[in-house]
Structure formats: C-alpha cells, structure tokens
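# Structural characterization, general
So you can see what is in the structure, the chains are spelled out below.
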Amino acid sequence: MTFRRPPLELELVTFIPSSLLDFISHAYAHGKLNRFLRVPLARTVPCSPSYIARRTRTSMAARSHSLFTPSSPPPKFGPRTGTLTIRRDGQEVLHKTETPALLTATSRGLVPHLSRDHVHRTRVIRHIQLPFESFIDRNPPVPTLVDGPHPLHTFLGYSSDSHILTMTLRDPSDGRKMPPNGNDFVAAHCTRGVRKVTTSSWNTFVEKCKPDIVKRLTKSIERSIAWITNLLKVPAAVHSDTAHRQSRHVFLQMAGGINPEARAEFAERLTDPVDHKDADALAPYNTLDDGISGYVIDLLPLRAALAVESRKPIDEGDLAGGLVRVSDRHRSSLDSSSRLAELLQCSLQVLPEEKLRVLNSPVSPHEVLRLVRDVGVDLLDSFWAQRAADMGIALDFRFPVPDDLESSHTTCKPPRKRVNGKSDLGHNLFDSSYVHDHTRLASSFPDGLTADKSEVHGHPACDCEACSPRAPSSRVLHSAVDVHAWQDSSCPTSPNALQPPMTRSYVHHLLHTHEMSAHALLAMHNVTVFSAFLDGIRATIARGPEEFAREVCRFEEVYDEELVLWSEAEVMWLQVERARGKGRLAREKEKQVESTIGTAVDL
C-alpha cells in the first residue's frame, strides 16, 4: 500500500482514547484527515530530531531571507505597508522598496515605447515583470545563451544595481484563449504560435537566466502543486550550495478559479507537510509554503469568469485585428471588486500574512484601492497605466483627493467632468480640443519649473521626462548650426538643468503625425503618476485604516470609474493606427475570406 505520508506522532494537549488516537494517526498518515476536518494540519508536527532540526533551519532561513517586512504587525486582511528587500549573493542587500509598490509591465522583455535611456531616467521603474513566453520561439531561448552573473539584465539592458527582474512564463495581461495545459506542460504563446513548456524546461530557463524573482503560473490545483514541488527541489549538483537555494525567490499563482472552496483547498495543500518521497529533495522545507516568498493573484481570468457566472459576459467586440487586447474591454465596479476580494480572502485565509502579495491586471485605480482596503496588497503591476499611454491618454488624478482640487486649477485645465458629475482620470490627447492647449500634461501635479509657485504650493512635482525634462549632460553636434546653438550665450543651459514641460498641444501634434516619441512621453508620465498614486496610498495608510477607508470613498465620489474617457480614446487611437497602416494585413485577410464565401471548394 502506498502512503501519502509516513505515520507521524501528534502533539496532543487533551486526553484522547487510544482507539480514537489510532484512527487519527492512520487517517493523517493516509492524508485523509484534512478532508474529514476541513482544516490544515501544518501545525501538527512530528517529533523526530531530524524533523525538528530541519524545521529550525527553515525558520532561521525564513527570518534572515524574508522578502517582505511589514511596517507593523499586519492584519490578516486590510490596508498594510512594509518594505520589500531584495538580496543577492547571500546577505548582500541590493534594493529596498516601500510597499505598496509598482511593478512595470514589459513586452518581449522591454518596457513598451521606452528606450534604454528612458528606462534609466524614469526613476520609478525599479521592479520589472518579464513574460518569458516571448523568447521560447527559439530553442534554446536566446536569453539562456548569455553568460555572466546577471544574464537577463545584460541581455535586455537593465541595470543589475537598480532594476529587479521578475520572470514569469506567461503574460498576465494577455487574455487570449489558449489550449488546455497538460499534467507535465503549460501552454505559452510566442510569435510562432503556441509552445509547450515542461517543468524541466522551465527550471532550466530559470537556472540560466538567474532572475531576482520567479513566478509559477498554473490554474489546476494538482498541476500547481506538482510544478511548485519540482521548482523548489534542488539539483544534486548544487544541493550543498545554500546561497544558491536562497537566491531564488519563488512567487506562486494562487489556483482555484472562482470556486471559494477550491481556492481554500489549494492554500491548505501548501501548508500540508511535504510528501515523504520528496522530503530529502525539498530539505530544509517542511511544507511547500516554506519555500514560497509571495503569492500572486491574476485578476484578468477571475474577472472574466465572474462576468460569465453572473450571466453578463464581457463583450469583447471587435479587437481590430489584434490592435485591441481583451483586457481593454474589462471594467471594474463595486460588485466585481467585492467578489474579487472574497476570492482573494479564501486563498489567503490560512497562509501567513508576512509574505508578499502581488496583484496583476487591475483595470482602474478604484479597483486597486478597494483590494488594498479589503485584502491588503504589496506589489501591483502598472499595465493599465501603460496601456493608457498606448491610446494617447495622459493620466491626471491624485490620491488622496486634494482639498483644493477645484480651486488649484488656475492656469491648467483639469480633466473633463461627465454627466454623472465625476471627473475623468486623465486627458485624451487625440482629441482636437487640445490643439491649442499649451499647458502641462497633468493639472494635479506641477512641473519641475513651477513646483515652487503658489498655484501648486505643497504638491509634489511630476518628475517624469515629459513634465520635468532636463538638459542633456552632453550633446551630439552634427553641424556648425548645432555648435552655434550650443555655444549661444544668450540662451545658457547648464547640464541637467530643468527645462519647460512638454505641452498637451505638442503631444497632440506628435500623436497625429505618428511620432513614436508621443507614446514614450505618455508612458513615462503615466507610470510616474501611477507611482505617485501608490505613494499616496502608503501615506494615507500610515494615518490609520479608518482614514484610508474615508479617502477611498472620497476618491470614488470624485473620479469616474466607467472609463468613458478610455472608450473615446480607443476609437480615436484606432482611427490613427489604421491610417498609418496598422492591422492592414488582417483586414485584407478578412475581405478575402468574405469574397470567397460560397466559391471556395475543399479538395
């Protein structure tokens, strides 16, 4: 007979008859006790000396290498702050980040629209998420061929000193339908179609690329348990290298879908003692949760599944030949946020609150605020803000909402108010109303040159390269005209001196002339505004959970959650994209199919 666990001695406080004790020990040995009692038994431990020694080593390692340190004893659910500490090479501290913090989204390993110089000059870009499926079109993937201590940083041009790379297999913001996963592989999408990635392949990619954080992404409970077990195992060649084990920070995607019982069951499985056959390979971990540094919640599939369950499926509409993503059609609401919070609480109820919580694919700041308030989140991806830059939207909102919001806009036009009396979250710069608007991008933030004026006194400046550009430290002089301009004493410009901000009319012009710099300026601006939004969350939480809850309600009253601005910008953006030829091949293919209907013959 095959046992799931060996018979274990139980720590008992009260008297139990021997017959009942025999039954409990036998059920626990067969892994059936959890199903009878519906509670995790991770706290019921064997008393063997080897187990106690292993448990002690695990606890000491967890304390010395913990990623997340709460500012105060965190509640199980509720607003929380802390510090995310990244270490490399044993005890060396590389980077500390106050949480909740920003996680920047990428495409093929690069931040969309931004050059290497843009990324380095945008100071809020520190934590970067890299979907590895973009590179599996070749075998082996190109990043795995790079040598050195930080091959992924070197290959993609990120700084190993200031950028923290999180490697995940699939893009959490990609809502395309995929073939089902198998027991020994996960389907991923690359430029050459769908590829199957096995456990051993993924472990090889991680070993070669050496990211700072690794995410494990699956939907099936059994498959997730099997994959995380294999990922945490240490190869025999490096079994004695504890520094190698400790340098790998693993984040786990919480499985279970929209079934609360399934999500709770998955969490309980993480806290069960490891199988006897895996105990040596997983040492010093006693449970799978011991080897996990954080928990990841991907909202995109949950939101879609909840919409179908409520018989109000999300209308994806025309995706414009791939120009529009499925996630662009998602909207948040009070009801959907409440259901999401319930599901997240089911996943986290039995898990330690001292570990990092990562949120992927939020679709509005309203949704972010509610989940921070009702659940507690530490790291959030900025895909929504970056996607707004694709569509020509310059974000313009603050949290907490300033008391002088109406009176502070003396020279800079605030966002438009809708029929419901609520303000937009930004400006659609494709709109012709901005042709002669020569003010800065955001009315809620001063630019670098006007930060000390009475108009915006006390408000921090937006330090992005669009609102607070700086003179270059050196110039490339192509001709005598450039030399003359550089040496013109009537217009002296010292290196790195603040310059006037980019204006809305200028960015509007760049958008309609198909200049790539338009989206680069908007991307840097939007990421900075979203980071300032998280700064405001941290500052408000520090004043107490009641104050934070009041400010969340106030934000909901002031800013529009229906995202009418987004829908309008999408229409204008698609018109410009089609005018420059985007999606032409897909449209021609559709016309060809329509023209051959009723005439094509299968041979």
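You'll find the structure just up there.
Quick summary incoming for the structure in this document. Because the structure is predicted, anything quoted here is derived from the model rather than measured.

## Concerning the overall build of the protein
A tally of helices and strands in the protein yields 20 helices and 15 strands. A buried classification covers 51% of the 603 residues belonging to the protein. If you sum the accessible surface of the protein, you get close to 28600 Å²; carbon and sulfur atoms cover 54% of it.

## Concerning the nonpolar core
Core analysis: the largest hydrophobic core is formed by 116 residues, its most contacted members being Trp202, Leu270, Leu371, Trp384, Phe397, Phe533 and Ile537. At 13 residues, the largest contribution of residues to this core is made by helix 17 (residues 516–541). When neighbours within four sequence positions are excluded, Trp202 is seen to be in contact with Phe132, Met167, Thr168, Leu169, Val197, Val214, Lys215, Trp227 and Leu231. The next biggest cluster of nonpolar side chains, apart from the first, holds 13 residues, and it includes Leu84, Ile86, Val296 and Leu356.

## Re empty space enclosed by the protein
Scanning the entire structure with this criterion turns up 9 cavities of 30 Å³ or more. Its volume calculated, the largest cavity comes out at about 120 Å³. Per-element accounting of the lining of the largest cavity gives the leading share, 3 residues, to helix 14 (residues 383–390). Residue composition of the lining of the largest cavity, grouped by class: 6 nonpolar, 4 polar and 3 charged.

## Regarding unusual backbone geometry
Put simply, Thr99 and Pro100 share a cis peptide bond, and its omega is 5°. Here the amide bond leading from Asn139 into Pro140 is cis, since omega sits at 0°, within 30 degrees of zero. Locating Pro140 in the fold gives a position in the loop between strand 5 (127–131) and helix 5 (151–156). Its identity is not glycine, yet Arg108 carries a phi of approximately 55°, on the positive side. Phi at His113 takes a positive value of approximately 75°, unusual for a residue other than glycine. In this structure, His113 sits in the loop between strand 4 (101–104) and helix 4 (116–121).

## Regarding the pairing of strand 12 (residues 356–360)
Of all 5 residues making up strand 12, 5 are buried, and the element is well covered by its neighbours. With 2 bridges joining them, strand 12 and strand 13 (residues 379–381) adopt parallel strand pairing. Across the sheet, Leu359 pairs through a bridge with Leu380, a residue of strand 13. Between the parallel pair strand 12 and strand 13, the chain is carried across by helix 13 (residues 365–374), and the sense of this crossover is right-handed.

## Comments concerning the pattern of salt bridges
Taken as a whole and judged by the stated rule, the model has 27 salt bridges. Here Asp278 ties to Lys277 by a salt bridge, and the two come within 3.3 Å at their closest N and O atoms. Its salt-bridge partner being Arg387, residue Asp390 comes within 2.9 Å of it at the nearest N-O pair. With Asp390 and Arg387 both in helix 14 and 3 residues apart, the pair spans about one turn of that helix. Overall, Asp390 belongs to the buried group, its relative accessible area being 14%. Several salt bridges converge on common partners, so that one network encompasses Arg416, Arg418, Asp424 and Glu568.

## Re the sheet that holds strand 1 (residues 68–70)
Judged by pairing direction, the sheet is antiparallel, and its 3 strands sit side by side in the order 1-2-3 without closing on themselves. Where the open sheet ends on each side, the last strands, each with one partner, are strand 1 and strand 3 (92–99). Taking the axes of each pair of neighbouring strands and ignoring which way they run, one obtains an average angle of 25° across the sheet. In terms of strand pairing, strand 1 meets strand 2 (residues 82–88) through 3 bridges, oriented antiparallel. Bridged to Thr69 within strand 2 is Thr83.

## Concerning the packing of aromatic side chains
Using the criterion set out here, one finds 16 aromatic pairs in the structure. Judged by centre distance (6.2 Å) and plane angle (75°), the ring pair of Phe135 and Phe155 falls under edge-to-face. With Phe135 in the loop between strand 5 and helix 5 and Phe155 in helix 5, this pair connects stretches of sequence that are 20 residues apart. Using a relative accessible area of 32% as the deciding quantity, one classes Phe155 as partly exposed. Through a chain of ring-to-ring contacts, three or more aromatic side chains come together here, namely Trp384, Phe397, Phe399, Phe530, Phe533, Phe548, Phe555, Tyr559 and Trp566.

Cut-offs used in this document
- Residues numbered from 1 in each chain as written.
- Predicted model: local features only at pLDDT ≥ 70, side-chain atom pairs only at ≥ 80, totals over all residues.
- Heavy atoms only, no water.
- Helix = DSSP H or I, 4+ residues; strand = E, 2+ residues; numbered from the N terminus.
- Buried < 20%, exposed > 50% of the residue type's maximum accessible area, 1.4 Å probe, protein only.
- Areas by Shrake-Rupley, 256 points an atom, 1.4 Å probe, with all protein chains shown as cover.
- Core = buried A, V, L, I, M, F, W, Y, C linked by side-chain atoms within 4.5 Å.
- Contact = heavy atoms within 4.5 Å.
- 1 Å grid on protein atoms, 1.4 Å probe; cavity = no way out; pocket = protein on both sides within 12 Å on 5 of 7 lines; lining within 4 Å.
- Points joined across faces, edges and corners; volume = space filled by probe spheres on them.
- Nonpolar A, V, L, I, M, F, W, Y, C, P; charged D, E, K, R; others polar.
- Pairing = 2+ DSSP bridges.
- Right-handed = clockwise from strand over helix to strand, strands pointing away.
- Salt bridge = Lys/Arg side-chain N within 4 Å of Asp/Glu carboxyl O.
- Axes fitted to C-alpha atoms, helices over the stretch in contact; angles between N-to-C directions.
- Phe/Tyr/Trp six-rings, centres within 6.5 Å; stacked < 30°, edge-to-face > 60°.

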